[in-house]
Amino acid sequence: MQRTIRTAGKRVMQGKFLEELSVGQSAELVRTVGEADIVAFAEVTGDNNPVHLDADYAAQTSFGERIAHGMLSAGYISAVLGTTLPGPGAIYLSQTLRFKRPVKIGDGVTARATITEIDEAKARVTFATVCLVNGKPVVEGEAVIMVPRKAA
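Presented here is a report on the structure given in the accompanying data block. All of these numbers come straight from a predicted model, not from anything done at the bench.

1. Details of the environment of L81
Turning to its location among the elements, L81 is positioned in helix α4 (residues 70–83). The class of L81 is buried, set by a relative accessible area of 2%. Sequence separation between L81 and E117 is 36 residues; the distance between their C-alpha atoms is 15 Å. For L81, the residues in contact, after removing those within four places along its chain, are P86, G87, A90, Y92, Q95, A113, F127, A143 and I145.

2. Some remarks on the sheet that holds strand β5 (residues 108–119)
In spatial order, the strands read β3-β5-β6-β7-β4; together these five strands make up an open sheet with antiparallel pairing. Sheet topology places β3 (26–32) and β4 (91–99) at the edges, where each strand pairs with a single neighbour. Averaged over neighbouring strand pairs, the angle between their axes works out to 20° when direction is ignored. As paired elements, strand β6 (residues 124–133) and strand β7 (residues 136–146) share ten bridges and run antiparallel to each other. From the neighbouring strand, L132 faces β7, where its bridge partner is P137.

About the cut-offs
- Residues numbered from 1 in each chain as written.
- Predicted model: local features only at pLDDT ≥ 70, side-chain atom pairs only at ≥ 80, totals over all residues.
- Heavy atoms only, no water.
- Helix = DSSP H or I, 4+ residues; strand = E, 2+ residues; numbered from the N terminus.
- Buried < 20%, exposed > 50% of the residue type's maximum accessible area, 1.4 Å probe, protein only.
- Contact = heavy atoms within 4.5 Å.
- Pairing = 2+ DSSP bridges.
- Axes fitted to C-alpha atoms, helices over the stretch in contact; angles between N-to-C directions.

Have a look at this one:
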(Lines give C-alpha, C1' and ligand atoms only; values in the text may rest on other atoms or scores of the structure.)
Protein backbone atom coordinates (compact mmCIF):
# COMPACT_ATOMS: atom_id res chain seq x y z
CA MET A 1 0.00 0.00 0.00
CA GLN A 2 1.33 3.40 -0.88
CA ARG A 3 1.47 6.07 1.76
CA THR A 4 1.68 9.81 1.64
CA ILE A 5 4.49 11.13 3.84
CA ARG A 6 5.86 14.58 4.50
CA THR A 7 9.42 15.41 3.58
CA ALA A 8 10.65 18.98 4.09
CA GLY A 9 7.04 20.05 4.43
CA LYS A 10 6.01 18.48 1.10
CA ARG A 11 3.64 15.58 0.68
CA VAL A 12 5.13 12.75 -1.38
CA MET A 13 4.01 9.24 -2.19
CA GLN A 14 6.05 6.46 -0.59
CA GLY A 15 5.96 2.80 -1.56
CA LYS A 16 7.00 -0.13 0.56
CA PHE A 17 10.14 0.00 2.65
CA LEU A 18 12.77 -2.76 2.55
CA GLU A 19 11.58 -4.06 5.91
CA GLU A 20 8.07 -4.62 4.48
CA LEU A 21 9.20 -6.87 1.64
CA SER A 22 9.56 -10.64 1.48
CA VAL A 23 10.54 -13.23 -1.11
CA GLY A 24 7.51 -14.32 -3.11
CA GLN A 25 5.62 -11.00 -2.99
CA SER A 26 4.45 -9.93 -6.41
CA ALA A 27 2.44 -7.26 -8.16
CA GLU A 28 1.09 -6.84 -11.67
CA LEU A 29 -0.73 -4.50 -13.97
CA VAL A 30 -2.65 -5.07 -17.17
CA ARG A 31 -2.60 -2.72 -20.15
CA THR A 32 -4.15 -3.09 -23.59
CA VAL A 33 -1.79 -1.87 -26.31
CA GLY A 34 -3.52 0.63 -28.55
CA GLU A 35 -2.62 2.49 -31.71
CA ALA A 36 -2.13 5.70 -29.71
CA ASP A 37 0.32 3.95 -27.34
CA ILE A 38 2.55 2.86 -30.23
CA VAL A 39 2.44 6.27 -31.90
CA ALA A 40 3.18 8.06 -28.61
CA PHE A 41 6.05 5.69 -27.79
CA ALA A 42 7.56 6.28 -31.24
CA GLU A 43 7.20 10.04 -30.81
CA VAL A 44 8.75 10.12 -27.34
CA THR A 45 11.65 7.78 -28.10
CA GLY A 46 12.26 8.58 -31.76
CA ASP A 47 11.99 4.87 -32.63
CA ASN A 48 10.13 5.18 -35.93
CA ASN A 49 10.89 1.67 -37.18
CA PRO A 50 8.20 1.05 -39.83
CA VAL A 51 7.38 -2.40 -38.40
CA HIS A 52 5.64 -0.43 -35.63
CA LEU A 53 4.07 2.36 -37.67
CA ASP A 54 3.55 1.33 -41.30
CA ALA A 55 0.95 -1.39 -41.96
CA ASP A 56 2.09 -1.99 -45.56
CA TYR A 57 5.71 -2.40 -44.51
CA ALA A 58 4.83 -4.60 -41.52
CA ALA A 59 2.61 -6.85 -43.67
CA GLN A 60 5.72 -7.90 -45.59
CA THR A 61 7.68 -8.90 -42.46
CA SER A 62 7.61 -12.25 -40.70
CA PHE A 63 5.05 -10.76 -38.28
CA GLY A 64 2.56 -10.02 -41.05
CA GLU A 65 1.26 -6.95 -39.27
CA ARG A 66 2.38 -4.04 -37.10
CA ILE A 67 3.83 -4.89 -33.72
CA ALA A 68 4.42 -2.83 -30.60
CA HIS A 69 7.90 -1.73 -29.58
CA GLY A 70 9.43 -4.34 -27.27
CA MET A 71 10.47 -1.57 -24.91
CA LEU A 72 6.84 -0.51 -24.54
CA SER A 73 6.17 -3.82 -22.78
CA ALA A 74 9.37 -3.36 -20.77
CA GLY A 75 7.98 0.01 -19.70
CA TYR A 76 5.01 -1.79 -18.14
CA ILE A 77 7.47 -3.67 -15.91
CA SER A 78 8.93 -0.32 -14.87
CA ALA A 79 5.43 0.88 -14.03
CA VAL A 80 4.82 -2.09 -11.71
CA LEU A 81 8.10 -1.55 -9.89
CA GLY A 82 7.84 2.24 -9.71
CA THR A 83 4.20 2.52 -8.70
CA THR A 84 3.19 -0.66 -6.88
CA LEU A 85 5.93 -3.00 -5.65
CA PRO A 86 8.05 -1.63 -4.15
CA GLY A 87 6.59 1.62 -5.50
CA PRO A 88 7.55 5.29 -5.11
CA GLY A 89 10.99 5.76 -3.60
CA ALA A 90 12.46 2.69 -5.31
CA ILE A 91 15.35 3.16 -7.73
CA TYR A 92 16.05 0.91 -10.73
CA LEU A 93 19.62 -0.43 -10.76
CA SER A 94 19.42 -2.99 -13.56
CA GLN A 95 17.04 -4.91 -15.81
CA THR A 96 17.64 -7.82 -18.16
CA LEU A 97 15.14 -8.48 -20.94
CA ARG A 98 14.51 -11.40 -23.28
CA PHE A 99 11.90 -10.74 -25.96
CA LYS A 100 10.00 -13.96 -26.67
CA ARG A 101 7.02 -13.02 -28.86
CA PRO A 102 5.61 -9.94 -30.57
CA VAL A 103 2.90 -7.79 -29.00
CA LYS A 104 0.23 -6.61 -31.41
CA ILE A 105 -2.26 -3.76 -31.35
CA GLY A 106 -5.17 -4.79 -29.15
CA ASP A 107 -3.18 -7.28 -27.06
CA GLY A 108 -3.70 -7.19 -23.31
CA VAL A 109 -0.27 -7.26 -21.65
CA THR A 110 0.05 -8.41 -18.04
CA ALA A 111 3.30 -7.16 -16.49
CA ARG A 112 4.32 -8.96 -13.30
CA ALA A 113 7.24 -8.54 -10.89
CA THR A 114 7.96 -11.15 -8.20
CA ILE A 115 10.57 -10.81 -5.45
CA THR A 116 13.18 -13.58 -5.69
CA GLU A 117 15.93 -12.25 -3.40
CA ILE A 118 16.47 -9.54 -0.80
CA ASP A 119 19.95 -8.24 0.04
CA GLU A 120 19.34 -6.50 3.36
CA ALA A 121 22.93 -5.28 3.71
CA LYS A 122 22.80 -3.37 0.41
CA ALA A 123 19.04 -2.59 0.46
CA ARG A 124 18.64 -4.24 -2.93
CA VAL A 125 15.79 -6.43 -4.07
CA THR A 126 15.84 -8.77 -7.06
CA PHE A 127 12.65 -9.39 -9.03
CA ALA A 128 11.73 -11.93 -11.68
CA THR A 129 9.92 -9.87 -14.31
CA VAL A 130 7.59 -11.03 -17.05
CA CYS A 131 5.04 -9.67 -19.50
CA LEU A 132 2.35 -12.05 -20.69
CA VAL A 133 -0.16 -11.99 -23.53
CA ASN A 134 -2.87 -14.64 -23.31
CA GLY A 135 -0.83 -16.37 -20.59
CA LYS A 136 2.27 -16.69 -22.79
CA PRO A 137 5.49 -14.78 -22.02
CA VAL A 138 6.38 -12.00 -24.44
CA VAL A 139 9.16 -10.52 -22.28
CA GLU A 140 11.10 -12.16 -19.45
CA GLY A 141 13.87 -10.81 -17.30
CA GLU A 142 15.24 -9.81 -13.93
CA ALA A 143 15.34 -6.44 -12.21
CA VAL A 144 17.44 -5.22 -9.30
CA ILE A 145 15.94 -2.35 -7.36
CA MET A 146 17.31 -0.22 -4.51
CA VAL A 147 14.62 0.13 -1.87
CA PRO A 148 14.53 2.71 0.92
CA ARG A 149 14.72 1.62 4.54
CA LYS A 150 12.40 2.82 7.26
CA ALA A 151 13.84 5.78 9.14
CA ALA A 152 15.44 4.76 12.43
